[in-house]
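Given next are the chains, with one letter for each unit.
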Amino acid sequence: MTRFYIKKIFSNRITRHILYWIGLIIFFGITWGTYDNDYIRSFTIQSFGLPARMVLVYVSLYVLIPKFFSRRKFFTFTISYLLLLLATSICIQRPIIFFYVEPTYFPDWRSSGYFTITELMNTILDVNIAAIIPLGINFFKFFYDVQQKTLTLEKEKLEAELNQLRNQVHPHFLFNTLNNLYSLIIKKSDSAETAVLTLSGLMRYMLYEANVPKVPLSKEIEYLQNYLDLEKLRFDDHVDISFNTETDTTYMISPFLLIPFVENAFKHGPTSNKESWIVISIITKNKTLKMQVENAKLPNQKTNFEGGIGFANVKKRLELLYPDNYSLHTHDNELSYEVILKLNLEENGTQ
């Protein structure tokens, strides 16, 4: 209940301002009052300093900051603030101190003069003290808001770019899979019915299960397995496909991040040759995923393996999703082409 009332009190702007000025008088009243133990006089003198301090603070908060600082006119704001500080010190604070406070409360004090540099500097510093906290809070809020807006824009840009890249995956993969299914139908293969069911499972994953930033790695592996099942139906015994997985715990991963490497192997490998082979290995251990995809090549085969839509897509997604947390290497020799991806992951989707 006490916390509720305190929160209610400080939620009112006028109350906050009143408490600030009272707190300022008490703080400096006690600070200066300890010199001669005359706290009443010290509180009174601090009260006479309020007019100049309040003019400086409120003109700065409600005129200079909105007009100049918030519009990033920092130099103009600085000059305007210094002129305002000088004006309030000379025209408001100094007359009160020189003509009333010193004669009344310090009759034995001999001032060195109204416009003495030392006296003016002391007055300027005394007035400026009151503006440090309010201006500091506003400066912090301004730069914090700017930072948050920048982060929000970067996040929105990143999400838009990722969505665009993910949307490229679907039609690209679907085109390849329908071509596979068409080949089975042309051959009047009995496997066409199984292929349709497998394709149905793939589409369900694509449309409903993978429509999130991260999916369980096990789902992505199952997705790859279904894809390989379709390819096995398509090529019969023409391609020796080996798929090995090993994982030490549960991880999350961005969907459709691994499939382009597998598609690439089928696209560029000599899949019409009975001696064709594709070896795929996915191992996760100690929060690190290592994927190796290697496919056979025809002798002297020269193909731009990295030029496809899917490969370019996944490289860009890796840069966006896992900056400085992945490595991607390719090895091209006379008989085979190999891709090795290493990716830092986190357990239970905490990445």
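Residues numbered from 1 in each chain as written. Predicted model: local features only at pLDDT ≥ 70, side-chain atom pairs only at ≥ 80, totals over all residues. Heavy atoms only, no water.

1. Let's talk about the overall build of the chain
Item 1. In terms of helices and strands, the chain carries ten helices and seven strands.
Item 2. Taken across its 351 residues, the chain has 37% of its residues classed as buried.
Item 3. A total of about 21000 Å² of accessible surface is found on the chain, and carbon and sulfur atoms cover 60% of it. (Helix = DSSP H or I, 4+ residues; strand = E, 2+ residues; numbered from the N terminus. Buried < 20%, exposed > 50% of the residue type's maximum accessible area, 1.4 Å probe, protein only. Areas by Shrake-Rupley, 256 points an atom, 1.4 Å probe, with all protein chains shown as cover.)

2. Quick notes on the pattern of salt bridges
Item 1. Tallying each qualifying case throughout the model produces six salt bridges.
Item 2. Close ionic contact of E102 with R94 constitutes a salt bridge, the shortest N to O distance being 3.8 Å. An identical accessibility class is assigned to E102 and R94; each is buried.
Item 3. A salt bridge links K219 to E209; the nearest nitrogen and oxygen atoms lie 3.4 Å apart. Here K219, found in helix α8 (residues 217-235), pairs with E209, found in helix α7 (residues 192-209); they are ten residues apart in sequence, far enough to count as distant.
Item 4. Overall, K219 belongs to the partly exposed group, its relative accessible area being 33%.
Item 5. A single network of salt bridges, built from pairs that share partners, joins R94, E102 and E119. (Salt bridge = Lys/Arg side-chain N within 4 Å of Asp/Glu carboxyl O.)

3. Looking at helix α2 (residues 13-33)
Item 1. In this model α2 runs 30 Å from its N-terminal to its C-terminal C-alpha over 21 residues, within 8% of the 30 Å that 1.5 Å per residue would give.
Item 2. The set of residues buried in α2 consists of W21, L24, I25, F28, G29 and G33. One side of α2 holds all its buried residues, which, seen down the axis, span an arc of 140°. (Expected span 1.5 Å × (residues − 1). Arc of directions from axis to C-beta.)

4. A word on the sheet that holds strand β5 (residues 288-296)
Item 1. Taken in spatial order, the five strands make up an open sheet running β2-β4-β5-β7-β6, and their pairing is mixed. Among the strands making up the open sheet, the edge pair consists of β2 (239-247) and β6 (326-332). Pairwise comparison of adjacent strand axes, ignoring direction, gives a mean angle of 5° for this sheet.
Item 2. Pairing of β6 with strand β7 (residues 336-344), which is carried by seven bridges, proceeds in the antiparallel orientation. Counted as the bridge partner of T330 is V339 from β7.
Item 3. Across the sheet, α8 is in contact with β2, β4 (276-285) and β5; its angle to β2 comes to roughly 170°.
Item 4. Relative to β5, helix α9 (residues 259-268) is tilted by about 5°, and along the sheet it contacts β2, β4, β5, β6 and β7. (Pairing = 2+ DSSP bridges. Axes fitted to C-alpha atoms, helices over the stretch in contact; angles between N-to-C directions. Contact = heavy atoms within 4.5 Å.)

5. Focus on unusual backbone geometry
Item 1. One non-glycine residue, K287, lies in positive phi territory at about 65°.
Item 2. As for its placement among the helices and strands, K287 is situated in the loop between β4 and β5.
Item 3. The backbone of D324 sits at a positive phi, close to 65°, despite the residue not being glycine.
Item 4. Mapped onto the secondary structure, D324 falls in the loop between α10 (309-321) and β6.
Item 5. Look at D324 and you get exposed, because its relative accessible area is 79%.

It is worth stressing that arrangement in space is one thing and function is another; only the former is reported here.
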